[in-house]
Amino acid sequence: MNKLSSLALNEEGFVFDPTTGNSFTTNDIGLSIIRYLKEGKDSEEILRSLLDDFEIDSDTAQRDLIDFLAQLRVYRLFEGS
Amino acid sequence: MNEISIAVSGINAVDNPGPGVGVVRSIKEDKSLQVKVSGLAYDAMEPGIYLDWLMDRSFVMPYPSSAGADYLARLLYIKETAGLDVVIPTLDAELPFYIKNERELAGHGINTFLPDKEQFDLRSKEHLTDVADKIGLSVPPTEVVTSHSELTAALDRVGFPAMIKGIFYKAYRVHNHLEAESAFHKIVNEWGYPVLVQKIVQGDEINVIGVGDGAGESLGNMAIKKLWITDLGKIWTGVTIDNEPVNRATELFLKKYSWRGAFEIECIAAGDKIYLIEINPRFPAWVYFATGAGINLPARLLRAALGLPFERDSTYKPGRLYIRYTYDMVTDADTFQKIITRGES
């Protein structure tokens, strides 16, 4: 969570990690997931928020969330579950 | 404030650039200093000679490896003809002369702000393991070899690709025994024994630029990640970062060794480990990056050399981008002719 809190995000999905200098791009859903994680929401809360924010079915939202969290773990940006 | 006369070397702003042009540009951007600059060159084609908005004068120098008396005489001539209150040498090969002759130069009113001999020797790759231990960093597996048979055995243990390095200068990336032997012989012929065989660690190149005050504190430091490097391994784009382990290592480095003067710490970050690759006892060629990010280290160093008050603030914004670029200029042959015929312009 600490690592996530230091990430700099812009509206267009550019993500900069000031610790490593690495940068990433993500889509609107990815950006929202990072923002919710920064707010301290857990997976279930994030899933509910995604369903409210995007025209997306529950299965797709859940799959996207699991995939995206796995990506964040690969880049050592997120350690939670 | 009275006009200050300084000399800066390393004005070879070429594909493997010296730091001099960035140092001068930084100092000239400190509008509270009134500075007249002499560029010190080793070749009439060094671009800095022709950048007349930065260099007020330029002088061709004898090689620092030549007799020290010739080099000293040239500096005294510059003092007499152009004025010289402070010299900022920026090339590795010059530093032994300046460190050895610091007192004599000061006796002539020529000030420097450099590490002492003991600090200078820390950059020896033989000492890096010890330095890394003391500042909380790792070093890639490294073996010291003094013969061909030791080289082969070391490569068997370290594996390929590997770096073959001289103690102070030169490093070659090698991918097989043939390349390793060639690199080994080149280094031995030029610099002698021992030679280091080092495992290549893959990761992000993280560097720190800074100036130590000689009493364990910093006059400012900044960490960057290299984003893109040239075929010669030189930075072309980079970004400022705020990396706690690297910041802590820099602080420890200054405290443990009471470093005085400019430095660059080169690291590789691989996963959770940060490897110390090199310590350079001078400004790096990308020195202007720090100035552009708000920390004018050359101006602070100049002030320290003259005993003037200086800032110590190291606050900068992570995410500032550095982009080196090429530039073409056209001039008449006047300056070139003067440099060739008189050795100065």
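What you see is a predicted model, and the numbers here were worked out from it, not measured in a lab. (Residues numbered from 1 in each chain as written. Chains lettered and ligands numbered in written order. Predicted model: local features only at pLDDT ≥ 70, side-chain atom pairs only at ≥ 80, totals over all residues. Heavy atoms only, no water.)

### A look at the nonpolar core
Residue and element names in this part refer to chain B. The following threshold applies: Residues belong to one nonpolar core when they are buried, are Ala, Val, Leu, Ile, Met, Phe, Trp, Tyr or Cys, and are joined through side-chain atoms within 4.5 Å. Buried residues are those whose accessible area, probed at 1.4 Å on protein chains only, stays under 20% of the maximum for their type, while exposed residues exceed 50% and partly exposed ones sit between those limits. Each domain's limits were defined by an automated method or a database of domain assignments. Here a residue-residue contact requires only that any non-hydrogen atoms of the pair lie within 4.5 Å.
Ranked by internal contacts, the top residues of the largest apolar core, which has 69 residues, are Ile6, Met222, Phe253 and Phe283. A domain split of this core shows at least three residues from each of domain 1 (4-113 + 328-342) and domain 2 (120-126 + 202-323). Ignoring anything within four residues of it in the chain, the contact list for Phe283 reads Pro19, Val23, Thr90, Ile209, Gly210, Val211, Ala262, Leu297, Pro298 and Leu301.

### Some details on the interface of chain B and chain A
How large an interface is tends to be reported as the accessible area lost when its parts come together. Formally: When two parts are put together, the accessible area they lose, computed with a 1.4 Å probe and summed over both, is reported as buried area. Basic side-chain nitrogens of Lys or Arg form a salt bridge, by our definition, when they fall within 4 Å of a carboxyl oxygen of Asp or Glu. We call two N or O atoms a polar contact when they sit within 3.5 Å, provided that within protein one can donate a hydrogen and the other can accept it, with sequence-adjacent residues counted only if both atoms are side-chain atoms. Counting from the N terminus, the helices are the DSSP runs of H or I reaching at least four residues and the strands are the DSSP runs of E reaching at least two. Gly is put with the polar residues, along with every residue not named as nonpolar or charged; the nonpolar set is Ala, Val, Leu, Ile, Met, Phe, Trp, Tyr, Cys and Pro, and the charged set is Asp, Glu, Lys and Arg.
The partner chain A presents seven residues to the twelve residues of chain B that form the contact. Approximately 640 Å² of surface area, both sides summed, lies buried where chain B meets chain A, with 47% of it carried by carbon and sulfur atoms. Between chain B and chain A we count one salt bridge in total. Remark: the boundary between chain B and chain A carries four residue pairs in polar contact (both at pLDDT 80 or more). Listed by contribution, the elements that provide at least two residues to the side of chain B that touches chain A are strand S10 (218-229) and strand S11 (235-241) of chain B. At three residues, the largest contribution of residues to the side of chain B that touches chain A is made by S11 of chain B. Per-class residue counts for the side of chain B that touches chain A are four nonpolar, four polar and four charged.

### Here we look at the pattern of salt bridges
Summed over the entire model, instances satisfying the criterion amount to 20 salt bridges over all chains. Where Lys41 of chain A meets Glu39 of chain A, a salt bridge forms, and the shortest distance between an N and an O atom there is 3.9 Å. Two residues, Glu244 of chain B and Arg248 of chain B, come together in a salt bridge whose shortest N-O distance is 3.6 Å. Here Arg248 of chain B and Glu244 of chain B lie together in helix H9 (residues 244-257), a separation of four residues that amounts to about one turn.

### Quick notes on the packing of aromatic side chains
Residues and elements named next belong to chain B. So the rule is basically this: When the centres of two rings from Phe, Tyr and Trp lie within 6.5 Å, Trp using its six-membered ring, the rings pair. Their planes under 30 degrees apart give stacked, over 60 give edge-to-face, and anything left gives tilted. Here, a charge over a ring is recorded when the distance from Lys NZ or Arg CZ to the ring centre is within 6 Å and its angle to the ring normal is within 35 degrees.
This structure, assessed with the given rule, holds twelve aromatic pairs over all chains. With centroids separated by 5.9 Å and ring planes inclined at 50°, the aromatic side chains of Phe253 and Tyr257 adopt a geometry described as tilted. On the criterion of helical spacing, the pair formed by Phe253 and Tyr257 is a turn pair, its members being four residues apart in helix H9. Cluster of aromatic residues (ring-pair linked, three or more members): Phe253, Tyr257, Trp259 and Phe263. Seen from the ring of Tyr288, Arg25 lies directly overhead, with NZ or CZ sitting 3.7 Å from the centre. Of note, Arg123 hangs over the ring of Phe120, and the distance from its end group to the ring centre comes to 3.7 Å.

### With respect to the domain arrangement of chain B
All names here are of chain B. By the assigned domains, chain B splits into domain 1 (4-113 + 328-342), domain 2 (120-126 + 202-323) and domain 3 (141-199). One C-alpha centre belongs to domain 2, the other to domain 3, and the line joining them spans 27 Å. Contacts between the two partners involve six residues from domain 2, matched on the other side by nine residues from domain 3. Broken down residue by residue, the surface that domain 2 buries against domain 3 is led by Arg123, Lys125 and Glu126, which jointly contribute 66%. Put simply, domain 2 and domain 3 have zero salt bridges between them. Taken together, the links from domain 2 to domain 3 amount to zero residue pairs in polar contact (both at pLDDT 80 or more). The class makeup of the residues in the side of domain 2 that touches domain 3 is one nonpolar, two polar and three charged.

### Points about the sheet that holds strand S5 (residues 142-145) of chain B
Strand pairing in a sheet is mediated by backbone hydrogen bonds. Such pairs are either parallel or antiparallel. All names here are of chain B. Where we set the bar: Note: two strands are recorded as paired if DSSP finds a minimum of 2 bridges between them. Axis geometry follows a simple rule: fit a line to the C-alpha atoms, using only the stretch in contact for helices, then measure angles between N-to-C directions, giving values from 0 to 180 degrees.
Ordered in space as S5-S8-S6-S7, the four strands form an open sheet in which the pairing is antiparallel. This sheet does not close on itself; its edge strands, each paired only once, are S5 and strand S7 (171-174). Between one strand and the next, the sheet's axes are offset by a mean angle of 20°, whatever the strand orientation. One ladder, built from five bridges, connects strand S6 (residues 162-166) with strand S8 (residues 195-199); its direction is antiparallel. Opposite Met163, over in S8, you have Gln198 as the bridge partner.

### Here's the deal with the environment of Arg324 of chain B
Residues and elements named next belong to chain B. Looking at where Arg324 falls in the secondary structure, it is placed in the loop between strand S14 (321-323) and helix H12 (334-342). With 101 residues separating them along the chain, Arg324 and Ala223 place their C-alpha atoms 17 Å apart. With sequence-adjacent residues up to four places away left out, Arg324 is seen in contact with Pro17, Lys234, Ile235, Trp236, Ala285 and Trp286. A distance of 3.0 Å separates a polar side-chain atom of Arg324 from the backbone oxygen of Ile235. At a separation of 3.1 Å, a polar atom in the side chain of Arg324 contacts the side chain of Tyr322.

### Describing the side chain of Asp92 of chain B
Residue and element names in this part refer to chain B. Mapped onto the elements of the fold, Asp92 is located in the loop between strand S4 (86-88) and helix H3 (95-100). At 2.9 Å, the side chain of Asp92 and the side chain of Arg282 are in polar contact. When near neighbours in sequence (up to four residues on either side) are disregarded, Asp92 contacts Phe120, Tyr169, Pro281 and Arg282.

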